[in-house]
Each structure stands twice: as structure tokens, then as C-alpha cells.
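Structural overview for review
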Amino acid sequence: SMVNLDNPPPGVTVVQKATTLSGNAIGTAESIETPTGTASDVSTAIELPAGTTFSDASGNQISGATLNTTVVHFNTKEAASLNAFPGSGFHSDDITDEGGNKVSGIFRTAGFCNIDMSLSNTEVRTFSQPVTLRIGVSSDQVNPRTGAPFAAGDQIPVWSYQIETGKWSFEQQGTITNNSGKLEVAFETNHLRYYNLAFLDNLCAAATATIITNLPAAETLLEHNFPE
């Protein structure tokens, strides 16, 4: 689903910012965060340390005076927000798990975000040093692993999605913390992609069903393939 950044759907919040650079680098530490309010009670923030420079998809440093950043946060309370989940939906057959194995599965997301940056009309892909992402988690959302609302100390995997290839990759195990009364997962990264806080459930490759008809004699049943 496409997202209109000027008029985002319910549950989607956007912030856009132009940052003046000094010598192609961040002069002083910069924090860019999506707003909270009636549209969303949680947010995504990116923290850029001073001295950070930026590179393109080939690893070449980009020169320029103004860094343009767009941060988009998708919460889990609105269908319109969940409909914008990247790729073909919550199910994917191209996921690289923690062990480096290619697996299939269904994501049970606790929130996801996307960050785009450009410098001199060139897309930024990597940073010269790690930056910090902070992705908010709703305190009234139930943790499917515990059956209770998410709380500080809960762990949840962090995944990234590469638009060009359609591949999902495990990034690291995240831990939920309480930051001034709001739950979030904070982690460092050196590249830009979609980021997703989610548990991965395996797909059932085959299933059987026993049908008890209580009929006095044997009957023949036609096979039917049900959609996923």
C-alpha cells in the first residue's frame, strides 16, 4: 500500500526535516522523532551523533550541505496502518533468521517504521558510525508470548526489510525499556531499511483433519483446497 505522506492514514505518523551539514557531516547531535497525539500514542525516533557522514548504495560517501529526512511510524491499532506493512503482507517466504537460515513465517508485529534520507538528491543507505533508532511499543498491546500487555524487560526480535530484494533479515534481539513512562525498543544500526518489531511464527507445512460423520456406512468425500 502506498502512503500519502502529506495526508497519512490513521495510525501512521510522519515527520520530515532538513538538517544543515558541516563538511558533509552532522555538526551537532540530531534527534528526529515522529509526533504523538490522537493519531498515535507511540513514535519512532532516529538519533544521529555528531560527525556522522552518509554513503550511497555502493558505499561511496555523499557530499552535500542539506540532509533531508523522512521518518514514518506505523502503529498496530489501526487497520490502515497495518495495511501498509511492507512487502506482500505479514507472511513471507524469504526471511533470514537469527541462524542465517532462509525460512518462511508470519510476522506478529508490535510496530514498524521506515526512514528515508537523501543528500544532494542521492539516497542515503549507510552511516559512517552507528545511529540509534527508538521504536515505541503500545503498553496496551498484548505480548503474544506472555499473554499479558507488553512491559519493560520483554524481549522482541528486530527485523529489517530491503525494498529492492523483498527480503527480510533478523537484525538483533530487542529489549523493551521504559523511557519516561513510554515503552520502546532502542537499538543501533548503520544502515537504512524498514524496521519491524515482531515475533515470527512458523507456517504449518501440512495438516490433517478427522471428520466424524456418525454415518452407518462409509462415504466418499471430495478434496477441497482451502485458501491460506
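This report concerns the structure included in the present document. As the structure is a prediction and not an experimental result, all values here were calculated from the model.

**Here we look at the overall build of the chain**
Looking only at helices and strands, one finds one helix and 13 strands in the chain. Across the 228 residues that make up the chain, the buried fraction comes to 40%. Taking the intrachain contacts of the chain between residues at least 6 apart in sequence as the baseline, contacts between residues at least 24 apart amount to 70%. Total accessible area on the chain stands at roughly 12500 Å², and carbon and sulfur atoms take up 47% of it.

**Thoughts on unusual backbone geometry**
Keep in mind that most residues, glycine aside, have a negative phi and that most peptide bonds are trans. Positioned with a positive phi, Asn24 is a non-glycine residue whose angle comes to about 70°. Topologically, Asn24 is positioned in the loop between strand 1 (12–20) and strand 2 (30–33).

**Comments concerning the pairing of strand 7 (residues 102–119)**
With eight bridges joining them, strand 5 (residues 66–74) and strand 7 adopt antiparallel strand pairing. Within strand 7, the position partnered with Thr69 by the bridge is Met117. As defined by bridge partners, strand 6 (residues 91–96) adjoins strand 7 across four bridges and the pair is classed as antiparallel. Its bridge partner being in strand 7, Ile95 is matched across the sheet by Val103.

**Here we look at the side chain of Thr52**
Counting through the fold element by element, Thr52 comes out in the loop between strand 3 (44–48) and strand 4 (54–55). Since its relative accessible area comes to 0%, Thr52 is described here as buried. A polar side-chain atom of Thr52 sits 2.6 Å from the main-chain carbonyl oxygen of Pro49. The contact partners of Thr52, leaving out residues within four places of it in the chain, are Asn24, Ala25, Ile26, Phe127, Ser128 and Gln129.

**Focus: the environment of Pro49**
Looking at where Pro49 falls in the secondary structure, it is placed in the loop between strand 3 and strand 4. Here the alpha-carbon distance between Pro49 and Ile26, two residues 23 residues apart in the chain, equals 7.2 Å. Setting aside residues no more than four positions away along its own chain, Pro49 makes contact with Ile26, Ala29, Gln129, Pro130 and Val131.

**A word on the nonpolar core**
The biggest cluster of nonpolar side chains holds 32 residues, and the ones touching the most others in it are Ile46, Phe54, Leu67, Met117, Val124 and Phe127. Residues contacting Phe127, with those up to four places away along its chain left out, are Ile46, Leu48, Thr52, Thr53, Phe54, Met117, Thr189, Asn190, His191 and Leu192. If you look at the next biggest cluster of nonpolar residues, it comprises 16 residues, including Val12, Phe112, Trp159 and Trp168.

**Details of the packing of aromatic side chains**
Applying the stated criterion across every chain, the model contains 13 aromatic pairs. Ring centres 5.0 Å apart and planes at 80° place the aromatic pair Phe85 and Phe112 in the edge-to-face group. Separated by 27 residues along the polypeptide, Phe85 in the loop between helix 1 (79–82) and strand 6 and Phe112 in strand 7 bring together distant segments of the chain. The exposure class assigned to Phe85 is buried, which follows from its relative accessible area of 4%. Each residue in the set Phe74, Phe85, Phe90, Phe107, Phe112, Trp159, Tyr161, Trp168, Phe170 and Tyr194 is aromatic and connected to the rest through ring pairs, giving one cluster.

**Overview of the pattern of salt bridges**
Side-chain pairs of opposite charge can arise where the charged atoms are in close proximity. Enumeration according to the criterion identifies 10 salt bridges in this entry. Asp201 serves as the salt-bridge partner of Arg108, at 3.5 Å between the closest nitrogen and oxygen. Here Arg108, found in strand 7, pairs with Asp201, found in strand 13 (residues 194–201); they are 93 residues apart in sequence, far enough to count as distant. Judged by its relative accessible area of 22%, Asp201 is partly exposed. Ionic pairing is found between Arg145 and Asp201, a salt bridge with its closest N-O pair at 2.9 Å. Here Arg145, found in the loop between strand 9 (126–136) and strand 10 (155–162), pairs with Asp201, found in strand 13; they are 56 residues apart in sequence, far enough to count as distant. Residues joined in a network through salt bridges with shared partners are Asp41, Lys77 and Asp140.

Reading the values: rules and limits
- Residues numbered from 1 in each chain as written.
- Predicted model: local features only at pLDDT ≥ 70, side-chain atom pairs only at ≥ 80, totals over all residues.
- Heavy atoms only, no water.
- Helix = DSSP H or I, 4+ residues; strand = E, 2+ residues; numbered from the N terminus.
- Buried < 20%, exposed > 50% of the residue type's maximum accessible area, 1.4 Å probe, protein only.
- Contact = heavy atoms within 4.5 Å.
- Areas by Shrake-Rupley, 256 points an atom, 1.4 Å probe, with all protein chains shown as cover.
- Pairing = 2+ DSSP bridges.
- Polar contact = N/O pair within 3.5 Å; in protein donor to acceptor, adjacent residues only side chain to side chain.
- Core = buried A, V, L, I, M, F, W, Y, C linked by side-chain atoms within 4.5 Å.
- Phe/Tyr/Trp six-rings, centres within 6.5 Å; stacked < 30°, edge-to-face > 60°.
- Salt bridge = Lys/Arg side-chain N within 4 Å of Asp/Glu carboxyl O.

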